[in-house]
Amino acid sequence: MAAFNITPSDPSIFILTGIPGLQAAHIWISIPFSTFYIISLMGNFTLLFVVGRERTLHKPMYLLLCMLALTDIATPTVVVPKALCIFWFNLNGISMAGCLTQMFFLNTGSVMHSATLVTMAFDRYVAICNPLRYATILSNARIAKLGIVNLIKSVLFILPVPLLMSQQPFCANRIIPATQCEYIATEKIVCGDITLHRTYGLVVMFVVFGFDLTLIALSYGLIIRAVLRMSSKKSHQKALNTCTAHVCVILIYYTPFLVSSLTYLFGQGIDPHVHIILAYLYLLIPPMLNPIIYGVKTKELSDKLGKCICRR
């Protein structure tokens with residue numbers, strides 16, 4: 001503990017150990033972590049710049065992309081800088097307030113990201129199944145309102161998590177075997193009864209993400225039905241092409257999320273460092289790949305990006 005320059009007995013400080021069992025490799029592990037994070041920031045800020053600069057891209061679909069980019073910037077930024085401080089400088093201490101704040105913004109970002117993917121699925125459903133009314137149903141103002149509703153919903157669902165945690169007594173050994181104040185890892189150092197807290201956390205996870213996945217599946221079920229009713233192969237191809245990027249983003253986001261969540265809930269025999277690495281794949285891979293996928297798969301966006309680069 002001397003290396004931390006603080007003692008866990010300090011009631012206002014928690015200790016983040018880094019990746020258990022891999023502390024000796026922290027410097028090497030930091031290389032892909034920092035690389036993925038930098039690529040993510042560059043890609044998402046570029047997307048925001050191009051959409052903001054080009055007035056022809058001020059459409060519902062691209063406003064949703066901007067919302068996704070903002071969550072892809074915010075969520076990793078909540079945890080990656082602190083993780084790099086642990087890897088590079090051995091700055092393992094974090095205050096209780098800082099820990100609970102990190103937990104709140106990390107989980108709020110995840111819920112907001114999921115809600116944005118649901119809104120994007122609805123956008124694709126309207127574009128394919130009701131194209132003549134698309135501009136009426138999904139105006140820019142309505143998309144902005146949906147974004148605000150999604151944000152408020154995310155905050156209201158997640159706010160009780162740190163509030164309930166703050167009311168709990170913490171054990172004398174305030175060591176969290178992780179690089180961030182992740183919900184399940186942090187509750188392990190609570191000495192009081194966490195039944196209510198754990199139940200609420202599980203209900204939020206299953207209700208919010210289960211509901212979101214159900215709505216996405218319903219939207220794509222209706223899209224597939226509409227595509228199958230189209231008479232020409234060209235129409236089939238065009239309709240499916242408009243959904244390719246979104247389907248890729250959904251798979252990239254929910255697959256590591258589900259794997260990470262299930263290993264935390266049911267993988268008691270799995271080494272702790274596996275849990276942490278899976279959690280970081282969920283935090284870093286989607287934000288890094290999302291702007292690349294949309295840049296490659298969306299011709300209008302890639303053309304505008306090319307024009308912006310040529311102007312310079």
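Asks: Looking at this model, I keep getting lost on the overall build of the protein. Mind explaining?
Replies: Scanning the protein from terminus to terminus reveals 11 helices and 3 strands. When the helices and strands of the protein are placed in sequence order, the string is β-α-α-β-α-α-α-α-β-α-α-α-α-α. Taking 20 Å as the expected radius of gyration for a compact globule of 312 residues, we find that the protein reaches 21 Å, a close match to that expectation. With the principal axes as the frame, the protein shows a C-alpha extent of 70 × 45 × 35 Å. A burial count over the protein gives 48% of its 312 residues as buried.

Asks: Help me understand unusual backbone geometry in this model?
Replies: The phi angle of most residues is negative, glycine excepted, and most peptide bonds adopt the trans form. Even without a glycine there, the phi angle at Asn90 is positive, about 60°. Checked against the element boundaries, Asn90 lands in the loop between α2 (60-89) and β2 (93-95).

Asks: Explain the pairing of strand β1 (residues 13-16) to me, please; I cannot follow it from the model alone.
Replies: Looking down a regular strand, the side chains alternate between one sheet face and the other. Residues of β1 alternate between two faces, with Ile13 and Ile15 on one and Phe14 and Leu16 on the opposite face, all of them buried. Here β1 pairs with strand β3 (residues 175-176) via 2 bridges, running parallel. The residue bridging Ile15 from the neighbouring strand is Ile175, located in β3.

Asks: Teacher, can you tell me more about the packing of α2 against helix α10 (residues 272-297) here?
Replies: Any two packed helices are characterised by how steeply their axes cross, that is the angle between the axes, and by the distance between the axes. In the contact formed by α2 and α10, the axes pass within 10 Å of each other and the chain directions differ by 145°. As for the relative orientation of α2 and α10, their crossing is left-handed in sense. Every residue of α10 that contacts α2 at Met61, Leu65, Leu68, Asp72, Thr75, Pro76, Val79, Val80 and Ala83 is listed here: Tyr280, Leu283, Leu284, Pro286, Pro287, Asn290 and Tyr294. Here the residues of the contact of α2 with α10 sort into 13 nonpolar, 2 polar and 1 charged.

Asks: Even after reading the chapter, I still don't get the state of the cysteines, so can you show me in this structure?
Replies: Two cysteines form a disulfide when their sulfur atoms are joined by a covalent bond. Scanning the model with the defined rule gives 2 disulfides in all. Here Cys99 connects covalently by a disulfide to Cys181, the sulfurs 2.0 Å from one another. The S-S bond linking Cys99 to Cys181 shows a torsion near -125°; that makes this disulfide left-handed. One end of the pair, Cys99, is in helix α3 (residues 96-129); the other, Cys181, is in the loop between β3 and α7 (183-187), and 82 residues separate them in sequence. Pair check on accessibility: Cys99 and Cys181 agree, each one buried. Put simply, Cys171 and Cys191 are joined by a disulfide, and their sulfur atoms are 1.9 Å apart. Every disulfide takes its handedness from the sign of the S-S torsion; for Cys171 and Cys191 that torsion is 135°, giving right-handed.

Thresholds applied
- Residues numbered from 1 in each chain as written.
- Predicted model: local features only at pLDDT ≥ 70, side-chain atom pairs only at ≥ 80, totals over all residues.
- Heavy atoms only, no water.
- Helix = DSSP H or I, 4+ residues; strand = E, 2+ residues; numbered from the N terminus.
- Rg over C-alpha atoms; globule rule 2.2 N^0.38 Å.
- Buried < 20%, exposed > 50% of the residue type's maximum accessible area, 1.4 Å probe, protein only.
- Pairing = 2+ DSSP bridges.
- Axes fitted to C-alpha atoms, helices over the stretch in contact; angles between N-to-C directions.
- Left-handed = near helix turned anticlockwise from the far one by under 90°.
- Contact = heavy atoms within 4.5 Å.
- Nonpolar A, V, L, I, M, F, W, Y, C, P; charged D, E, K, R; others polar.
- Disulfide = S-S within 2.5 Å.

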